[in-house]
Each structure stands twice: as structure tokens, then as C-alpha cells.
Amino acid sequence: MKQLFLLALCMGLMGTSFAQKSKITGFVLDSTARKPVEFATVALMKDTKMVEGTTSDVTGKFTFSKVLEGVYQVKITFVGYKDKILLNVTVTPDNDLDLGVVPFAQTAQQLNEVKVVEQKALFEDRPDRLVYNAEKDITIKGGNAGDVLRKIPSIAVDLDGNVELRGSSNIKVLINNKPSNLMAKSIAEVLKLIPADDIKQIEVITSPSAKYDAEGTAGIINIITKRNNLQGINGKANASIGRWNDNYNGSLNYRKKSVGLSARGGFNKWRNQGENNLTRLSTVENYQTKLIQNTYFRGGGENLNGNISAEWDIDTLNRLSAGLNFYDGKNGMNFDYINDFSSQYDGNSLFTRKLYRIYDWDGGTLNIDYNKTFKKPKKEFNVLTMFSKEAEDSYYTLDQLNAENAVYYREKSPNASRNYEGTVQIDFTNPLDSVSTLELGAKTILRNVKSDYRVAAAFDGSTNFVDVPALANVFDYNQQVASSYISYSRTSKNKWGINAGARYEHTFIQAEFLAGKVPFSNNYGNIIPNISLSRNLPKNQKLKLSYSQRIQRPMLWFLNPYVNASEPKSTYSGNPYLKPELTHSAEASYNVYIKESSVNTTFFMRQTNNAIERIRTVNNEGVSHLSFQNISQNISYGLTLSATTKIKKKFSSNGSLNLYYNILNSPALQAQNANWMYRVNLNSTYDFGRGFKGQFFGFFNSPRVMLQGKVGGYAYYNLALQKEVLKKKGSVSVGVDNFCAPFIEQKMSFSSPTFVQEGGSKYFNRGWRVSFSYEFGKMTNSPQRQKKSINNDDKRGGEN
């Protein structure tokens, strides 16, 4: 009897152990944004008691692996979402159950004019980019986008507003993931259009994937302006006045259910003042000349910009959006050139040239985009279009005076440029499984650039101008870029992640001139590979390795053959025969997070072949000419070290060091230059409480080498205080810039076998600014759905 009882007991236990068990799977998806919800709590319930619990992964997927036969409930919870309960989840023996996509709705929360503040660090290091949260930085209040970019460790903005990333100006700047035709002319000028108060984030991408256009050899800078998806009507107004800049801008947003409308606009007025000096000795064909020149300049400008956009969520899977961006700017500069020129045979002459130069530009960009998501998480299809037109008219007039201040020569020169661009892009993203994604796409860009330039002169003090045919022409440049790409990515929490892809781009060029120069055409193809490996290490450490190729096509500023002779004894022009650059980039980065501190270290190498360089030549009359040529190789090896820490509860600080060795080599010129360069940043914030904060920022740029010389280093710093007012709906801030000295001084020197030039510049920039901002409107929280847009990151932008 005892043996029978033990046998029955064993059979019962074995029956329980070998009962058929099944698997339950599903995906938690935001019901409006159609995006996976990560870290949602999922509970398997039976008779109101929890049997098993888990959380959703990065794709929204959850799994219960060993579920016995029966009828269950599945309960899903997450902060900010309504609890979701699935009833009558029936499990049968040996049959896995797939619940599919489970829509998860966010909780609508009435805000009643209460400001929502998202706590973010000033800098965020993401897997593929560095993010600077500009909206948390009070020292930029009242400034422009150039002031914001100066805060980022690997970016340098010189005193003229020209931008470099890790020592290279070969970058692409996007605004809200979109290109601007005006960027092709001058990044420095466009940055003045964008108020700092309107910027939410700056993204720096130094190793872009195949999905991005292949240009911008140093990387991509994406400026993201402030935007919200709150239901109802809301808006913001900002005003700032200062010694050198005045900014006024505002925004108005309306969203009701599936329709969203927004409008924003801004007006900026700026002023500047400074001095330049140079001494140049030249010997050409045994003919010696000497020029001593002192220049005094002052001027200012006004810029107007705006944006109107609309979005329509046709249903939970389809969205149609459109946007119109427009801008209008004008600036004028007065230059007084005082010249002491002497030559070997003609003796010494003293003359003064008074110059007035105007830049007037306007343009607009229209985007129409369609976005389709699927029930399968992260699966997307996009059709994106962009059409733009930009007009730029430059004009100068000058009077040249002798030693007795009598006018003996006059000159004027108009240059009208037009830039048209059209783009169509198709992208498809398909997750292969919960950790792998395949991306495919194609794109075509059509561009037309026209430049009509003329020069007229009057002699002996008269006002009877006569055209100079040798300095007039019409330049018509057409370019088409057709491309396609494929990219594969795989993420893993504990193993190596990979992002690998390739992009093919084919370029067609046709250029014509009205007179004189020979028309030309060209077409070429490039296969651009990239690969990135990343891994999460124990104790909050991350490691990343990447390699990519990039190409750099020159655009209008580099190509326009118009010869600007407004500066005495110095002229400059573009080169329509420039070829693209090809760059190889590799980097290795290591991140570690220790409590409330983080350290990021990145080693990088960049080699650019066929590099475009500014080249100065001097003729036997002592006149220098600046143009661009593909004549060098540019190699940089460097280190970027940045750290963020919270010293006390109310005091946080971050600093960085960007150190690199730059080698410039040109066999054609038999010239080489190399040296170490560095940049040091420091940014500190103290929270005094009750809505009162203080912030300090400063940096030092070391001297910078160029193929024919070097430009001296300089320091910049500012201090700001901010106080929240009107129940945190408004804020008032005051700031001072470079308050210990009236100006920044920068030395520079250039040389070649035929000339030696030494000089310097003074920029008067000790200043102050006062800013006020106010937010208004009643609104309801609405989940965001990511907006797709065109990225024409394929042109080398110009510099002033």
C-alpha cells in the first residue's frame, strides 16, 4: 500500500512538471505616436492575483515564457499612461499566443497655464551624437545661433562667425533636420538670423550613417528650434536688447486632435565695429613692393525670418505635413582703408579708399512630407519633398582719395545671384526582429545657381562710370545628385551593437559662362561606406568604434568666379573648376558615468584628399589675390575630452578639451604646415533657489595653422543671471560679455616664396544684454509623433 501511495505521488509531481507550457508575447505601442513604449510594466494575472511580471524592451515587446493552460488577464501600466487590461487571455496546451500590438493611451493632463519643465543635463552623449540642450543655458539669452555653437566642446566659431568642427570648416548645418539654401552662401550670415532664445537643442554628428547625405566631411550640426505638441492654443514671446544685438521673436501654436498649426517669426538687428592692420612685403620677378594698410570698419544689419507649418494626422498610421520657411536680410558695412604703398621703381604713394558694401538676400523653402507608420513597431515609410529659392544681391561703391583727400577714382559693382533647389526623397525602415533594423532609401537633388556680376569705374573724380567688360560675366551652374543607400543596425544590451551601411551618390555638373571662360561639364560616382560598433560595459561604461567616408562638394561661395576688388591691393574670387574632397574618418570613444558625473573621451583621425584650401598669390604690382584650389592633403589626429559633474546639489559644471595635431601638405605649392591646436571650454551653473540662477561660460582657442600661415588665438567669456517671474511663466535675464577688456585682438601671418604678410584684427565686443520671455496659453498634454523632413547635408557651406 505504501509503495502504491509513493508511486501515485511521484506520478502527480511528474504530471505537474511536464504539464504543457506556452508562451505569450505582445508589443506595447503608443496609440497616438505609434512608437514603442519601453519599460512599461506588464503583469500576467489570474483571479486578480499576479502570476508573473515583466517589462517591455526597447521595441515595446514583452514575453511570458512558461504559462500553464488557463484564462488570464494582462495588465499594462506606465507613468503618464492609462492602465490597460486585456481580459480573457486564453492559453491552450502547446500553443503560443501572440497578442500582437497593444495600443497604449497617454493620460490627457490639463496644464492650466502651468509651465512644464523637463529636467535635462546641459550635454547628453547619445550613441550617434552629442546633444547640447541650449534651452537650459541662460548665458546665451539675447544672442544668436553663433553664440550657442560656441558652447559646444568640439565646435569653434571665430570672430567673423565662421564655424569649424574639430578644426575643419567642412560641415553641414541643418535647421530642424532641414537644409537652407542660404547656408550654401555663408553659414556665418545665417547664424545671425537665428535668435538663441529660439533654439532648443544642438546635435553634433561626427560619424553619420549611410542614411545621411555623404557631404560634410567633418560632420553634421543640426539646430533644433523650440516646438511643442500641446493641445490648445499656446505661444511664447521674447525680447532682448544689448550693446551689439537686439532680438525680438515669438511663436504661436494651435493643436486640436489630429490637426496642428504653428507660426513663428523673429527680427534681429546687429552692429559691429573693429580695426584691421597688415604689412605685406612681396618680391615677384625681382620687383619689390611694400604695403602698410590700416582699416577701420563699422556697420550693422537687419534680419527677418519666419516659419508657418501644418500637420494633419489622417489616422493613427498616416500623417501629412507642410511647412514654409522664409527670410529677408540686409546689412551694410563702411570701411576706411588707409594705405601706404611703395614699390621698387614707382616710389611711395599714400591713398585712402572709402568703401560702402551692401548684402541683401531673401528666400524661402517649402516642404511637403508624407509619413506612414505600421502596426509593426518602428516600421516606417516616408516621402519627403523640398523646393527652395534664394536670392542674394551684393553691391559696393568706393571712392579713392589721394594724400590731399581729393577723389581721383570711383568704382561700383553689383552682383546678383539666384539659387534654386528641388529635392525628392523616399525612406523605408523595417525592423527585422526586436534588435535588428534595415533601412533603404533613394534621393535626388536638382540645383541651379546663377550669378550676374559687373564692374564700372570712373576716373579723375568724375561720376561718369564706364563698364569694365573684362570684369563682367554671367555664370550659370547646374548640379544634380542622385543617391541611394542601405543601412543595417543591431542593438544589444550586453553584446556589441553594429550600424553598417553604404551609400552611392552620382553627381552631374554643367556650367556655362556668357563670355570669356570655357564651359565645362563633369559627372562622377562615389560609394561611401560606414560602420560603427558600440558596446555597453559593466559599471555604466560605454565603448564605440566607427569609420566612415565622406565627400565634400563646393558650393556657390567657392565656385562663383566673380572677382571682388573692393579692397585696395587685395582681391578675391571663387573657382568654378573646383573638384570635390574625399575624407576618411575614424574615431574611438569611451564614456563612463559615476553617480552624478560623466566623462567622455574620443580619439579621432581624419584625412582629406584633394582638400580645398584658400590660396594667396601676389603679382608684380603688389596686389594679392585670394581664391580656392584643390591642392593639398589635410590630416588631423586628435582627442576630445569632456566631463560633467554636480559638485553640490545646486552647483553643476562641465568642461572640455579639444586637442589635435593638424598637418597640411601641398606638393603643388611645395608647402607644408603643421602644429598642435587646442580649445578649452568651461561652463558652470549655480541655482540660488526660488527661480534664480547664475551661469558662467568661457573658452580659449589656440592659434590655428593654415597652409600659408597661421591665425592667432583668443579668449571669450560671459556671465549671466536669470530670474523666473509671473508664476514661472516668464523670465528676466541680464548678461555681460568680455567685460574685462574693450576688444578681442587676434594676430595673423601668411607667407609664400613671393610674399610675407603680418597683421592683426581688433573686434570691439565688450557688451551687455537684457532679455525677457513670456509663455502663455491653456493646453493639454499631447504625445509627440516624430516628424520626418529632408536633410540636404551635401554641400560645403561658405565662409566670410
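Residues numbered from 1 in each chain as written. Predicted model: local features only at pLDDT ≥ 70, side-chain atom pairs only at ≥ 80, totals over all residues. Heavy atoms only, no water.

J.: Looking at this model, I keep getting lost on the pairing of strand E14 (residues 219–225). Mind explaining?
T.: Both faces of the sheet carry side chains from a regular strand, because those side chains alternate between them. Judged by how many residues are buried, E14 sits mostly within the fold: 7 of 7 residues are covered. Residues Gly219, Ile221, Ile223 and Thr225 point to one face of E14 and Ile220, Asn222 and Ile224 to the other, with burial holding for every one of them. Sheet analysis places strand E12 (residues 171–175) next to E14, joined by 5 bridges and oriented parallel. Along E14, the bridge assignment pairs Ile175 with Ile223. In this structure, strand E13 (residues 199–205) lies alongside E14, joined through 6 bridges in antiparallel fashion. Bridging across to E14, Glu203 finds its partner in Asn222. (Buried < 20%, exposed > 50% of the residue type's maximum accessible area, 1.4 Å probe, protein only. Helix = DSSP H or I, 4+ residues; strand = E, 2+ residues; numbered from the N terminus. Pairing = 2+ DSSP bridges.)

J.: Can you walk me through the nonpolar core in this structure?
T.: The biggest cluster of nonpolar side chains holds 27 residues, and the ones touching the most others in it are Phe335, Leu355, Phe475, Tyr477 and Leu578. The set of elements that each furnish at least two residues to this core consists of strand E19 (318–343), strand E21 (380–401), strand E23 (436–453), strand E26 (473–490), strand E27 (497–513), strand E28 (520–537) and helix H4 (556–559). Grouped together as the second largest cluster of nonpolar side chains are 22 residues, Phe123, Tyr132, Leu149 and Val173 included. (Core = buried A, V, L, I, M, F, W, Y, C linked by side-chain atoms within 4.5 Å.)

J.: Is there a simple way to explain the side chain of Thr289 in this structure?
T.: Residue placement: Thr289 occurs in strand E18 (residues 287–313). For Thr289, a relative accessible area of 6% puts it in the buried group. Looking at Thr289, its side chain comes within polar contact range of the side chain of Ser282, at 2.3 Å. (Polar contact = N/O pair within 3.5 Å; in protein donor to acceptor, adjacent residues only side chain to side chain.)

J.: Where do I start with the environment of Tyr716 in this structure?
T.: Tracing the backbone shows Tyr716 in strand E40 (residues 714–725). Linking Tyr716 and Asp737, residues 21 residues apart in sequence, is a C-alpha distance of 7.8 Å. Discounting chain neighbours no more than four positions away, the residues touching Tyr716 are Asp147, Phe697, Gly698, Phe699, Asp737, Asn738, Ile744 and Asn765. (Contact = heavy atoms within 4.5 Å.)

J.: Help me understand the sheet that holds strand E6 (residues 84–91) in this model?
T.: Strands in a sheet are paired, the pairing made by backbone hydrogen bonds, and the direction either parallel or antiparallel. With respect to topology, 4 strands assemble into an open sheet ordered E3-E2-E5-E6, the strand pairing being antiparallel. Lying at the two open borders of the sheet, with one neighbouring strand each, are strand E3 (49–55) and E6. Direction aside, the axes of adjacent strands within the sheet are offset by 25 degrees on average. The pairing of strand E2 (residues 41–46) with strand E5 (residues 70–77) spans 5 bridges and is antiparallel. Within E5, the position partnered with Thr41 by the bridge is Thr77. (Axes fitted to C-alpha atoms, helices over the stretch in contact; angles between N-to-C directions.)

J.: How should I be thinking about the pairing of E2 in this particular structure?
T.: Pairing geometry for E2 and E3, over 6 bridges, is antiparallel. When the bridges of E3 are listed, Val42 appears paired with Thr54. Hairpin remark: E2 followed by E3, antiparallel, with 2 residues in the connecting loop; positive phi at Asp47, about 55 degrees.

J.: Would you mind going over unusual backbone geometry with me for this structure?
T.: Negative phi characterises most residues that are not glycine, and trans characterises most peptide bonds. One non-glycine residue with positive phi stands out, namely Asn286, at about 65 degrees. Asn286 gets classed as exposed once you look at its relative accessible area, which sits at 67%. Of note, the phi angle at Lys727 is positive, near 55 degrees, even though the residue is not glycine.

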